[in-house]
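Structure assessment
Given next are the chains, with one letter for each unit.
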Amino acid sequence: MKAREDTTIDNIDDVASHQQQLYMGDDCTLEDVLCKIYHCIRPCLVGLRLPVTFVIADYLERLKLRLDVCPALCCTLFFSTKR
Amino acid sequence: MTSSAARRIPKNSQQIATSYLLELLSTEIARDGGASLVTNLKDYTSSKGISPKRLNSLLVEAIQKPRLMAFLEAHDIVFDVDRTVEPHWVKLKCTEHVDWASLEPNKQTAVESQLSKLQDKILCTLRHRYSRMERRRTRQRQRQQQQQQTKEGDTFESPTTNVVDGGANIGWLLRQCTWNFHEYLRAAGIYLDRIYPTNGQCSNGDMFEPVLIPGTKPWEDLVLGEFSCLLLQMVTHYDCLVVDAEQTKIWFQEEENDPLLVDDSKTIHNDLEYLSLLDDTLTELVHQDGATQVRLEVLLHRHQKMKRLLGGRDLWDLVQRSRKCSSNATTTAYFERLDIFQDGPDIVLQLKNKNFSSGRMRVDNEGLFSVANGKWGTAIARAMVNCCYQVGWARKHKKSDHDKTTTTSLQHDITAIDLTASVGGMTLGLAKTRFFSRVIGIEIDPHRANLCRENMANHMVWEYNNDYIDIRTMDAMDAIPYLPRQSCLVIDPPGEERTSRRRQITTE
């Protein structure tokens, strides 16, 4: 699994403790979409374009809890390019 | 070089980097009165000519990792880091490393520069507020007229307006200009001179205790007096400002030479240059944006130059007045190269000459703000392709031993899927790689999906006509079960603001 993180965040522990969530629709979160992808069309490569403040390590941890397995085949590539 | 010498050099460089950083950071914190926000320290070092990259390399030399917080915490004799507050706060415990000579406010140009920025910010904020009040007054006047007309039928009398501007609270103005004022206080040495006067004179470790976090209520109470004094000084230079120090209120008055406020019958002699500059800049930036249209809010967000130039003025009002003047044929016409119109609360700037052949994309009113532009589209597509190689889904083939260039042949069946296609910024990047066997774009909004199809048809004619690119109008969640396995998915989730805005529009 290749996860690219923003190395300039100093208070990464504190940021990680905050709940961060991105919505894809009205009630549907990005987590829901990734879980559905994992269950329906794995193996696949998923590239996410995320805000630079998004803490990927924390997000993957939460995703692991929902999927019960390491989502290595599902979530392979993360970009952090948005402002 | 011997191994002992090799070990000695890093040690020296580590010591040099550490002492340099200690002096630099201590001095900058002392300039704040003895305590600073950690996030601000990076800005302070940048203003001293040390780029974030250079700072990181110094940190790596000093503590082997590019973490400022780690450096501060590693030197707990000098710094006291408070992680309990967000953002984190660092206090100076020892003044041993402070370069007191550099704290003297001898660089007059730096002070003047910060003062000028602060004054611009104050004027911009007040002008913006004035424009908002004017719009409110106009709306109320129109509402009164409508009510009057419905009551009295055809016999209409002009109603009296009762909206009174009570002036802006100086405390509110300070909150709007917090960081500009903070920078000015630092540059002018006012923190050490007047706000925390004992700090510069003592030499023990407890001298920095009373320093407050900028932007908090106690800090505002502490510096409000200084801010009021500054406003009183500004009043003598700017006729458009009126200050009531007793009631802590400030008013922005009509400027005689302001193009917004000149009566239509008069010509705008004094500000023709300004209007011309504004027109040119606006047109140039919309052209630079790379799309066919863009919202003003987005343009102001992306270009500080434009924000400074507009300085809180109401563009819509300026355009209306300019159009009225040009219809009278007394002055030169401005803003003629763009279609400027209102779309609900937004102002949309649209190119009159929509030349798609030059690589321009058709977008909705948000412009390219929500779209991956060519640079990022290509970069992300390349990253996805590299990832396919890494996981072994595709292989690079060498033509021969003599020809060492690698070629990619479509011996795989990998589909690229853009789950959030929007108007096709990233979809286009994926299609241009010609690596994937097929590219599918999914967009829930029919209008955007149509724009995406138009963009694909304009930029990838053959591929679009031969079903290489497939744009589907549907919800991504519904589409997922029907997508092919072993594919590359790209997701650009909308931010919280955009989602909430879309929700608001849907509700309305």
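1. What to know about the pattern of salt bridges
For side chains bearing opposite charge, pairing can occur when the charged atoms are close. All names here are of chain B. With the rule as written, the count across this model stands at 16 salt bridges over all chains. The shortest N-O distance in the salt bridge between arginine 31 and glutamate 28 comes to 3.6 Å. Of this pair, arginine 31 and glutamate 28 are both found in helix α1 (residues 3-31), three residues apart, which corresponds to roughly one turn of the helix. For the pair shown, arginine 31 and glutamate 28 are each scored as buried. A salt bridge links glutamate 297 to arginine 295; the shortest N-O distance between them is 2.6 Å. Residue classification places glutamate 297 among the exposed positions, given a relative accessible area of 52%.

2. Observations concerning unusual backbone geometry
All names here are of chain B. The phi dihedral of glutamine 64 falls on the positive side, at around 70°, and the residue is not glycine. If you trace the backbone, glutamine 64 turns up in the loop between α3 (52-63) and α4 (68-74). Given a relative accessible area of 57%, glutamine 64 falls into the exposed group.

3. Some words on the environment of lysine 117 of chain B
Within the secondary structure, lysine 117 of chain B is located in helix α5 (residues 108-152). Between the alpha carbons of lysine 117 of chain B and asparagine 180 of chain B there is a distance of 7.0 Å; along the sequence they are 63 residues apart.

4. Some thoughts on the nonpolar core
Core analysis: the largest hydrophobic core is formed by 34 residues, its most contacted members being Ile122, Phe181, Tyr184, Leu185, Leu231 and Ile250 of chain B. Within the residue set of this core, elements represented by two or more residues are β1 (35-37), α5, α6 (170-176), α7 (178-187), α8 (190-195), α9 (217-237), β5 (241-244) and β6 (249-252) of chain B. Here leucine 231 of chain B is in contact with Ile122, Ile170, Leu173, Val243 and Ile250 of chain B, once residues within four sequence places are set aside. By size, the runner-up hydrophobic cluster in this structure holds 31 residues, among which are Tyr38 of chain A together with Leu419, Ala479 and Leu489 of chain B.

5. Considerations on the environment of glutamine 320 of chain B
Residue position: glutamine 320 of chain B is located in helix α13 (residues 315-327). Spatially, the C-alpha atoms of glutamine 320 of chain B and isoleucine 340 of chain B are 9.9 Å apart, while their sequence positions differ by 20 residues.

6. Looking at the pairing of strand β15 (residues 488-491) of chain B
All names here are of chain B. Residues Cys488 and Val490 line one face of β15 and the alternating positions Leu489 and Ile491 line the opposite face, and both faces are buried. Here strand β12 (residues 415-418) pairs with β15 via three bridges, running parallel. Paired with isoleucine 417 across the two strands is leucine 489, which belongs to β15.

7. Some details on the packing of helix α2 (residues 30-41) of chain A against helix α3 (residues 56-67) of chain A
Residues and elements named next belong to chain A. It is the contact of α2 with α3, at a shortest axis distance of 11 Å, that shows an interaxial angle of 50°. Accordingly, the angle class assigned to the pair α2 and α3 is oblique. Where α2 crosses over α3, the two elements pack in a sense that is right-handed. Residues Leu30, Glu31, Asp32, Leu34, Cys35, Tyr38 and His39 of α2 pack against Tyr59, Arg62, Leu63, Arg66 and Leu67 of α3.

8. Looking at the packing of aromatic side chains
Centre-to-centre distance and the angle between the planes together describe a pair of aromatic rings. Residue and element names in this part refer to chain B. Evaluated as defined, the whole model comprises five aromatic pairs over all chains. Pairing tyrosine 389 with phenylalanine 435 gives two aromatic rings, centres 5.5 Å apart and planes at 65°, and the pair type is edge-to-face. Of the two residues, tyrosine 389 sits in helix α14 (residues 374-390) while phenylalanine 435 sits in the loop between α15 (425-433) and β13 (438-443), which places them 46 residues apart along the sequence. Pair check on accessibility: tyrosine 389 and phenylalanine 435 agree, each one buried.

Calculation rules
Residues numbered from 1 in each chain as written. Chains lettered and ligands numbered in written order. Predicted model: local features only at pLDDT ≥ 70, side-chain atom pairs only at ≥ 80, totals over all residues. Heavy atoms only, no water. Salt bridge = Lys/Arg side-chain N within 4 Å of Asp/Glu carboxyl O. Helix = DSSP H or I, 4+ residues; strand = E, 2+ residues; numbered from the N terminus. Buried < 20%, exposed > 50% of the residue type's maximum accessible area, 1.4 Å probe, protein only. Core = buried A, V, L, I, M, F, W, Y, C linked by side-chain atoms within 4.5 Å. Contact = heavy atoms within 4.5 Å. Pairing = 2+ DSSP bridges. Axes fitted to C-alpha atoms, helices over the stretch in contact; angles between N-to-C directions. Parallel < 35°, antiparallel > 145°, perpendicular 65-115°, else oblique. Left-handed = near helix turned anticlockwise from the far one by under 90°. Phe/Tyr/Trp six-rings, centres within 6.5 Å; stacked < 30°, edge-to-face > 60°.

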